[in-house]
2 protein chains.
Amino acid sequence: MVTISDIAAALGVTPSTVSRALSGSPRVKEETRLAVEQMAAEMGYERNIVASNLRKGKSDIVGVIVPRIHREFFSNVIGGAESILNAAGYSVLICQTHEEFDAEVKALRTMRNNQVAGVLMSHAIGAMDGTHVLDTLGDSIPLVQFDRVFSSLPGAKVVSNNFQGAYEATKHLVSQGYRRIGTLAGYMNSEAYAARLDGYRKALEDNGLPVDETIVFYDTIVRETGFEGGLKALEAGCDALYCAGDFCALGAIEAVRSKGLRIPEDFGIVGTANESFTALMTPTISSLALNPFEMGRQSALAFLSGEGETVVVPMELKVRDSSNRNRQLNLTHICPK
Amino acid sequence: MVTISDIAAALGVTPSTVSRALSGSPRVKEETRLAVEQMAAEMGYERNIVASNLRKGKSDIVGVIVPRIHREFFSNVIGGAESILNAAGYSVLICQTHEEFDAEVKALRTMRNNQVAGVLMSHAIGAMDGTHVLDTLGDSIPLVQFDRVFSSLPGAKVVSNNFQGAYEATKHLVSQGYRRIGTLAGYMNSEAYAARLDGYRKALEDNGLPVDETIVFYDTIVRETGFEGGLKALEAGCDALYCAGDFCALGAIEAVRSKGLRIPEDFGIVGTANESFTALMTPTISSLALNPFEMGRQSALAFLSGEGETVVVPMELKVRDSSNRNRQLNLTHICPK
DNA sequence: GATGTTTGTGCAAACGTTTGTATTATTAAA
DNA sequence: TTTAATAATACAAACGTTTGCACAAACATC
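The structure reproduced in this document is the subject of the present report. (Residues numbered from 1 in each chain as written. Chains lettered and ligands numbered in written order. Predicted model: local features only at pLDDT ≥ 70, side-chain atom pairs only at ≥ 80, totals over all residues. Heavy atoms only, no water.)

**Topic: the interface of chain A and chain B**
Move 1: Listed per partner, the contact involves 51 residues of chain A and 50 residues of chain B.
Move 2: Across the chain A to chain B interface the summed buried area is about 4,600 Å²; carbon plus sulfur atoms make up 57%.
Move 3: Three residues, Glu46, Val50 and Leu280 of chain A, lead the burial of chain A against chain B; their summed loss comes to 13% of the area buried on that side.
Move 4: Taken together, the links from chain A to chain B amount to four salt bridges.
Move 5: Linking Arg109 of chain A and Glu46 of chain B is a salt bridge whose minimum nitrogen-to-oxygen distance equals 3.5 Å. (Contact = heavy atoms within 4.5 Å. Buried area = accessible area lost by both parts, 1.4 Å probe. Salt bridge = Lys/Arg side-chain N within 4 Å of Asp/Glu carboxyl O.)

**Re unusual backbone geometry**
Move 1: Thr282 of chain A connects to Pro283 of chain A through a cis peptide bond whose omega is 0 degrees.
Move 2: Residues Ile263 of chain B and Pro264 of chain B are joined by a peptide bond in cis, for which omega reads 10 degrees.
Move 3: As for its placement among the helices and strands, Pro264 of chain B is situated in the loop between α11 (246-258) and β9 (268-272).
Move 4: With phi around 60 degrees, Asp147 of chain B is a residue other than glycine that occupies positive phi space.
Move 5: Along the chain, Asp147 of chain B falls in the loop between β4 (143-146) and β5 (156-160).
Move 6: Looking at Asp147 of chain B, the relative accessible area reads 28%, which means it is partly exposed. (Helix = DSSP H or I, 4+ residues; strand = E, 2+ residues; numbered from the N terminus. Buried < 20%, exposed > 50% of the residue type's maximum accessible area, 1.4 Å probe, protein only.)

**Observations regarding the protein's contact with DNA strand D**
Move 1: In the vicinity of DNA strand D lie 25 residues, with Arg27, Tyr45 and Arg55 of chain A together with Arg27 and Thr32 of chain B positioned nearest.
Move 2: For DNA strand D, the fraction of atoms within 4 Å of the protein that belong to sugar or phosphate moieties is 59%.
Move 3: Between DNA strand D and Arg27 of chain B, the relevant distance is 2.4 Å, taken from a base oxygen to a side-chain nitrogen or oxygen of the residue.
Move 4: One of the backbone N or O atoms of Lys29 of chain B is found 2.8 Å from a phosphate oxygen in DNA strand D. (Near = heavy atom within 4 Å. Polar contact = N/O pair within 3.5 Å; in protein donor to acceptor, adjacent residues only side chain to side chain.)

**Topic: the relation of the copies chain A and chain B**
Move 1: Mapping chain A onto chain B is achieved by rotating through 180 degrees and translating by 0.0 Å along the same axis, at an RMSD of 0.2 Å. Put plainly, the chains are arranged around a two-fold axis. Closest approach to the rotation axis among the C-alpha atoms of chain A is made by Leu93 of chain A, whose C-alpha sits 2.2 Å away.
Move 2: The fraction of interface residues of chain A whose copies in chain B are also interface residues reaches 98%, indicating that both copies meet through the same surface. (Least-squares fit on C-alpha atoms with pLDDT ≥ 70 in both.)

**Things to note about the protein's contact with DNA strand C**
Move 1: Not every one of the 26 residues close to DNA strand C is listed here, only the nearest: Arg27 and Thr32 of chain A together with Arg27, Tyr45 and Arg55 of chain B.
Move 2: Atoms of DNA strand C within 4 Å of the protein: sugar and phosphate make up 57%, bases the balance.
Move 3: Within the side chain of Thr17 of chain A, a nitrogen or oxygen atom sits 2.8 Å from a phosphate oxygen of DNA strand C.
Move 4: Within the side chain of Ser19 of chain B, a nitrogen or oxygen atom sits 2.8 Å from a phosphate oxygen of DNA strand C.
Move 5: Going through the elements one at a time, α2 (15-22) and α4 (49-56) of chain A together with α2 (15-22) and α4 (49-56) of chain B are the ones with two or more residues in the surface near DNA strand C.
Move 6: If one sorts the elements of the surface near DNA strand C by residue count, α4 of chain B sits on top with four residues.

**Some details on the pattern of salt bridges**
Move 1: This structure, assessed with the given rule, holds 28 salt bridges over all chains.
Move 2: Salt-bridge contacts for Glu99 of chain A lead to Arg71 of chain A; the nearest nitrogen and oxygen are separated by 3.3 Å. Note that Glu99 of chain A is positioned in the loop between β2 (91-96) and α6 (101-113) and Arg71 of chain A in the loop between β1 (61-66) and α5 (72-87), a separation of 28 residues in sequence.
Move 3: Look at Glu99 of chain A and you get buried, because its relative accessible area is 16%.
Move 4: The partly exposed category is assigned to Arg71 of chain A, whose relative accessible area is 31%.
Move 5: Across the pair Glu168 of chain B and Lys171 of chain B runs a salt bridge, and its minimum N-O distance is 4.0 Å. Of this pair, Glu168 of chain B and Lys171 of chain B both sit in helix α8 (residues 162-175), three residues apart, roughly one helical turn.
Move 6: A relative accessible area of 35% places Lys171 of chain B in the partly exposed class.
Move 7: Taken together, the salt bridges that share partners define one network made up of Glu46 of chain A together with Arg109 and Arg112 of chain B.

**Side note on the sheet that holds strand β11 (residues 310-313) of chain A**
Move 1: Strand order in the open sheet made by the twelve strands is β11(A)-β5(A)-β4(A)-β3(A)-β1(A)-β2(A)-β2(B)-β1(B)-β3(B)-β4(B)-β5(B)-β11(B), with mixed pairing throughout. The sheet is open, and its two edges are formed by β11 of chain A together with β11 (310-313) of chain B, each paired on a single side. Direction aside, the axes of adjacent strands within the sheet are offset by 20 degrees on average.
Move 2: Relative to β4 of chain B, strand β3 (residues 118-121) of chain B is paired through three bridges, and the arrangement is parallel. (Pairing = 2+ DSSP bridges. Axes fitted to C-alpha atoms, helices over the stretch in contact; angles between N-to-C directions.)

**Concerning the state of the cysteines**
Here a disulfide denotes one covalent bond, and it connects the sulfur atoms of two cysteines.
Move 1: Applying the stated rule across the entire model yields zero disulfides over all chains.
Move 2: Note on Cys238 of chain A: no disulfide assigned, nearest cysteine sulfur contributed by Cys243 of chain A at a separation of 10 Å.
Move 3: Since its relative accessible area comes to 8%, Cys238 of chain A is described here as buried.
Move 4: Just so you know, Cys95 of chain B is unpaired, no disulfide at all, and the nearest cysteine sulfur is the one on Cys95 of chain A, 15 Å from it. (Disulfide = S-S within 2.5 Å.)

**Examining the packing of helix α1 (residues 4-11) of chain B against α2 of chain B**
Residues and elements named next belong to chain B.
Move 1: Where α1 contacts α2, the axes come no closer than 8 Å and their chain directions differ by 110 degrees. Put simply, α1 runs roughly perpendicular to α2. Mapping the contact onto sequence places Ile4, Ser5, Ile7 and Ala8 in α1 and Pro15, Val18, Ser19 and Leu22 in α2.
Move 2: Per-class residue counts for the contact of α1 with α2 are six nonpolar, two polar and no charged. (Parallel < 35°, antiparallel > 145°, perpendicular 65-115°, else oblique. Nonpolar A, V, L, I, M, F, W, Y, C, P; charged D, E, K, R; others polar.)

Structure, rendered in structure tokens:
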């Protein structure tokens, strides 16, 4: 491995001059810089980042902590963050917590020991509050939280606009002429789900429809509970459902079909998250898209800017066949061109 | 930040003793080790990994380079690798290449500068051979390639058993009574697709069916080309298709349906990759599953073992409704319990 | 031409750890 | 009791970079 000392020796200068030349300090003559740069290229020099980091007490590595890398949402967040960070000269160190508190603490410790320049994280379900973050990370490492955030912690936060999104989704169902719109609401211990429920309620109110608590179905997240929720909604006379997840929306669709009803003519469905399968089903499923890539970008930008503000990333309603009564089913994917 | 010198000072010993005590060297008295450990805990000491790495010339970071983090396959590979590496005390540094050669070189350089303990990688489409890897990485950093490998490069390789997998998939179609089985074969400049085609051919041969080149449809990868391929297969009198991808299988299913035929009664379909949507469609799509998580695990294990062997990860045929003539459609997902 | 100000380099310490060698304390053998 | 062996610790250099300070040369000011 060739070092700055080697370059210095080759040029008859000192390592400090080489260091300054390579880092673009104004304290070296233009001529010297050129000579150094040329020699560095010639000798195939690459700065030893580890040594540099030790000396500077900072690294160009940013830690990202997520519950699970291979969940679509998180891998997209990582992709978004990486796109910004890489361009800014940072690398990304990944840890997953598998939703466990202990693993989250361990991940934070890993980040601190590696002296990362900052940490972007989304908390494990198992983490009840944020005290462990401050304890482990100290206050010298900037923190950015995304999606699952503790407002008690300092630093920037990047979240989805769940209220507004659910409001739009519900309003869309109203605009399509559905009149008894229920919801599969998810778990209320999650802030995100609670906000979606609020948005749903507000949309009904604002559009002159009654808010009927008997057609709010809680704890419906996965396909099976979505199916059950769908059946209950039918019994309760619903003609549409805003679903706080896509898997439960899928279950609900199957429930509606099992009763011989048509979608979207007889029953409308909007899911949430824009999972990739929603665009592939027949009918395609309307979904309120999270924007994980953008959340990743915003998290990275928040880290780079160093400001501690909260960024709200809008959700986007993808109107597809399952809620679109006004036009023919979109069959372009079945019969291309 | 508390250092080993602080601990040493507090105990009236030297930093070297503290270092040895903490790393479990047999050259310190049991009594001293205990005292050091206790003091370290008391003072909240955490080893500075950067300094340690600099001195040792090695780090406990393993680099992973993939074309795109948020592709399902790769994020699962990363998840698998991380599960092994984390347990072994390593952290994972991620770079993506976006399928570009230049980005791959940059990623390799990042890895080298960070003095990673090893690199696990899958090459970008844009990389034509492996010379850049050797040039950039040198021969001191162990390399493990997975999925997209250059056999010319040294080190371990982890690949899927495409030949065997396609063989099994095709044999399965034969066993279900299909007799004119075509294939949507994909791009032949990819080793993986070529191997699948070979496996398909061999299975037909071994089962006494003719290998008919007029029902091998090339360059069919995405949904649209799959739809076209499906139509052509119907015109050619096929009653089944082995598809080298899941998206083209989806297209083929839509083509079959557009002609009013039933699946699997009139026409059988098997896809490849086990994309998550295959289990969610109606009917569910049989698919030849890659095993990305296991490939990640094997890559990490290959790195840890230091051996340069090639590991072949078996593919697994997931028999679902689209090719299963022998039993009723699997409706458990529609009507739970 | 003496004094003050830039400008460009060199010197040397520092970042926190690890590790080969030297030194001391302890024990065993003669 | 002396000597040899061993055990435990101290010493000091190293890893490669960065950076405050010192220093010299070049230039400007009066």
